[in-house]
Amino acid sequence: MRLLERNLTMNTSKQPAWLDNAIFYEIYPQSFKDTNGDGIGDFNGITEKLDYIKELGCNAIWLNPCFDSPFGDAGYDVSDYLLAAPRYGTNEDLKRLFGEAHKRGMHILLDLVPGHTSVEHKWFRESMKAEKNEYTDRYVWTDSIWEEPQGMGCIRGISDRDGSCAVNFFSHQPALNYGFYKPDPDKKWQQSMDSEGPKATLEAMKDVMRFWLSLGCDGFRVDMAGSLVKHDEDGKGTIALWQNVRGFLDREFPEAAMVSEWGEPDKSLRGGFHMDFLLHFGPSHYNDLFRCAEPFFSSRGKGDVSKFVKKYVENYEKSEKKGLICIPSGNHDMDRLSRGVRGDNLKIAFAFLLSMPGAPFIYYGDEIGMRYVENLTSVEGGYGRTGSRSPMQWDDTANAGFSAAPAEKLYIKQDDSPDRPTVKAQISDENSLYSEIKRLISVRQSHSALQSNGEIEFLYAEKNAYPLAYLRSAGDEKILVIINPAARETNFDCKYLLKEKIYSFGEGVSVNGERITVPPCYAGFFLV
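Just so you know, these numbers come straight off a predicted model, no measurement behind them. Position numbers for residues count from 1 along each chain, tracking the sequence in the order it is written. Thresholds applied to this predicted model are a pLDDT of at least 70 for local features of residues and 80 or more for the giving and counting of side-chain atom pairs; totals over whole chains, interfaces and linings are not thresholded and use all residues. Heavy atoms throughout the structure, all of them, feed into the side-chain values; hydrogens and water do not.

**A short note on the overall build of the protein chain**
Part 1 of the argument: When you go through the protein chain residue by residue, the secondary structure sums to 13 helices and 20 strands.
Part 2 of the argument: Computation of the radius of gyration draws on C-alpha atoms, with the globule rule given as 2.2 Å multiplied by the number of residues to the power 0.38. Here the C-alpha radius of gyration of the protein chain, 24 Å, is about what a compact globule of 528 residues would show, namely 24 Å.
Part 3 of the argument: If one aligns the C-alpha atoms of the protein chain with their principal axes, the spans along those axes are about 80 × 55 × 40 Å.
Part 4 of the argument: We call a residue buried when its accessible area falls under 20% of the maximum for its residue type, exposed when it is over 50%, and partly exposed in between, using a 1.4 Å probe and counting protein chains only. The buried share among the 528 residues of the protein chain stands at 61%.
Part 5 of the argument: Residue contacts are counted whenever heavy atoms from the two residues lie within 4.5 Å of one another. For the protein chain, the share of sequence-separated contacts (at least 6 apart) that also reach a separation of at least 24 residues comes to 68%. We count a stretch as a helix when DSSP gives it H or I for four or more residues in a row; a strand needs E for two or more, and each element gets its number in order from the N terminus.

Below you can see the structure in the form of structure tokens.
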């Protein structure tokens, strides 16, 4: 541990200034916009639609994996970290996308997958050889074909090398070797973080980051960032590893932004990340909001937000109110937001998402209420996630303007409902979800208290009760946010005097002393 061990205190590196008011748009590149008629989205399609993203109000993009891959897991199985996937375009096309985004005052994060590669990666092919070489210790291999790595899946019998190789998820995703926090002395294949193999792996990943940052990338969203060091129950080894990376970035690329898929902000922010996602698995209770049997944001009003708020406050306090905790509308791994929350309640959900601290993340198509496409056969390892990855719906032309390819050649079957939402229809309708989100973003960007670093205090978040109320503040500005997704009138006591309404959806609230009565299906922001 000596070379990587650092003081595991909170990250003190300076956050890039552009994160203060960043609003991210997540793009699944294969499903966004196809410009060459092959049925798969591409870099030039994203470049073509930058003005659309900016007009919505988003000023930053998270681009899902776009490196070369056999696409057994939709690009989360990398075969060459330094080569853009040819189906999306070239490295030069990606560099041009960075440049065009920067011209518009926008920033782009690439999706970095440091925990595993594809079995087709050169590193893995070399590590399979019986003869010792530069890559022998690049992955987690046991010393015998008959020994499995305990607690991990594995692949074996695939080459002359006598050993079993650990895998992280699918059987074609061998686990890269960053070492074990507490190696078992009786298992020589469990290397310490200080061993040459793990150190070489970490340096190789820094080289990957260095390459893309030099081409104009603004930072990375890091896939499963908390899982790199093995047998690391409390995350101390992985925190130390990312602090090592933080030091490298501070020296060479101090403006690079780092967002972790970790789900434990108290750990990821200590590791040097600027932001951490709340995940649809793990301890955050994020699913209680939108994706459970009775979501809080359902108009049925049978949800419970209290456990989410309790965990959020716990993480907020642990992180010393530094760094950003991000709540996404959805992503490529979970059901579409509109599958569990419907109609005007989607607008109320976005009033919440766009008034919370941290950088908001909008999954492509969520701004128009794109639906989960039911009963699809798995595409590229999507399985149940495939229905959330259907092509973007731009207009009322063939394939909703996504592609000029025949419909049967599209990457994933599109929503073919006659009433499917489209960007064209919603832009021209001032009462659409798109228009409401655009208004909400404008309000957020006009008030520092509502932005990423504004503080939050929850005023009403009771068990099995509505509404949800919280105070956002920055400097002298204080804004009360009231959220009532339930299709019934609710009330709560509040000591703050409502001065000026800066946003509302639904009928108005009424105030009687300290008692505020909130109408059904309502969201409102008030200066206090």
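Next comes the rest of the description.
**Re the sheet that holds strand β19 (residues 515–518)**
Part 1 of the argument: For two strands to count as paired, DSSP must find a minimum of two bridges between them. Read across the open sheet, the three strands follow the order β16-β19-β18; overall the sheet is antiparallel. Looking at which strands have only one partner, the edges of the open sheet turn out to be β16 (490–493) and β18 (510–512). Looking at each pair of strands side by side, their axes are set apart by 20° on average, direction ignored.
Part 2 of the argument: In this sheet, β19 lies alongside β18 in antiparallel orientation, the contact comprising three bridges. Here, axes are lines fitted to C-alpha atoms. For helices the fit covers the stretch in contact, and angles between N-to-C directions go from 0 to 180 degrees.

**A word on the nonpolar core**
Part 1 of the argument: Grouping buried Ala, Val, Leu, Ile, Met, Phe, Trp, Tyr and Cys residues that are joined through side-chain atoms within 4.5 Å yields what is termed a nonpolar core. Counting residues in each nonpolar core, the largest one holds 146 residues, and the members touching the most others are Tyr25 and Phe352.
Part 2 of the argument: Tyr460, Ala465, Leu471 and Phe526 belong to the second-largest nonpolar core, a separate cluster that totals 13 residues.

**Some points on helix α9 (residues 306–318)**
Part 1 of the argument: Under the convention used throughout, the expected extent of a helix is 1.5 Å for every residue step, that is, one less than its residue count. With 13 residues, α9 extends 18 Å between its outermost C-alpha atoms, agreeing within 8% with the 18 Å of an ideal straight helix rising 1.5 Å per residue.
Part 2 of the argument: Within the span of α9, buried status applies to Ser306, Phe308, Val309, Lys311, Tyr312, Asn315 and Tyr316.
Part 3 of the argument: Turning to α9, the residues buried within the fold contact α7 (265–268), α8 (287–290), β11 (324–326), α11 (345–353), β13 (455–460) and β14 (468–474).
Part 4 of the argument: Glu320 lies just past α9 and shows a positive phi near 55°.

**Quick notes on the packing of α11 against helix α13 (residues 433–446)**
Part 1 of the argument: Between α11 and α13, the shortest axis-to-axis distance is 10 Å and the interhelical angle comes to 20°. The angle between the axes of α11 and α13 places the two elements in the roughly parallel class. In terms of crossing hand, the pair formed by α11 and α13 is right-handed. Contacts from Leu346, Lys347, Phe350, Ala351 and Leu353 in α11 reach Leu433, Glu436, Ile437, Leu440 and Arg444 in α13.
Part 2 of the argument: Here the residues of the contact of α11 with α13 sort into seven nonpolar, no polar and three charged. For classification, angles of less than 35 degrees are called roughly parallel, those exceeding 145 degrees roughly antiparallel, those between 65 and 115 degrees roughly perpendicular, and all remaining angles oblique. Here is the rule for handedness: rotate from the far helix to the near one, and if that takes an anticlockwise turn smaller than a right angle the crossing is left-handed, while a clockwise turn gives right-handed. Under the scheme applied here, ten amino acids are nonpolar (Ala, Val, Leu, Ile, Met, Phe, Trp, Tyr, Cys and Pro), four are charged (Asp, Glu, Lys and Arg), and all others, including Gly, are polar.

**Things to note about the environment of Gln445**
Part 1 of the argument: With respect to the element layout, Gln445 can be found in helix α13.
Part 2 of the argument: Residue Gln445 is classed as partly exposed on the basis of its relative accessible area of 26%.
Part 3 of the argument: When the C-alpha atoms of Gln445 and Asn21 are compared, they prove to be 6.8 Å apart, with 424 residues separating the residues in sequence.
Part 4 of the argument: Not counting residues within four places of it along the chain, the set of residues in contact with Gln445 comprises Asn21, Ile23, Asn59 and Gln451.
Part 5 of the argument: Reaching out from Gln445, the side chain makes a polar contact with the backbone oxygen of Asn21 at a distance of 2.9 Å. Any pair of nitrogen or oxygen atoms within 3.5 Å is treated as a polar contact; in protein, a donor-acceptor pairing is required on top of that, and neighbouring residues in sequence qualify only through side-chain atoms on both sides.

**Observations concerning the pattern of salt bridges**
Part 1 of the argument: Each salt bridge in this description consists of a side-chain nitrogen of Lys or Arg and a carboxyl oxygen of Asp or Glu lying within 4 Å of one another. Per the counting criterion, the structure on display carries 38 salt bridges.
Part 2 of the argument: Its salt-bridge partner being Asp266, residue Lys318 comes within 3.8 Å of it at the nearest N-O pair. Here Lys318 is found in helix α9, whereas its partner Asp266 is found in helix α7, with 52 residues between them in sequence.
Part 3 of the argument: For Asp266, a relative accessible area of 12% puts it in the buried group.
Part 4 of the argument: When the shortest N-O distance is used, the salt bridge between Glu314 and Lys311 registers 3.0 Å.

**Let's talk about the sheet that holds strand β5 (residues 107–112)**
The strands that make up a sheet pair up through hydrogen bonds in the backbone, lying either parallel or antiparallel.
Part 1 of the argument: Sheet architecture is open: eight strands sit in the order β11-β10-β9-β8-β5-β2-β1-β12, paired in parallel fashion. Two strands lie at the open edges of the sheet, namely β11 and β12 (361–363), each paired on one side alone. Looking at each pair of strands side by side, their axes are set apart by 25° on average, direction ignored.
Part 2 of the argument: Against the sheet, helix α3 (residues 91–103) engages β2 (60–63) and β5, with an angle of about 145° to β5.

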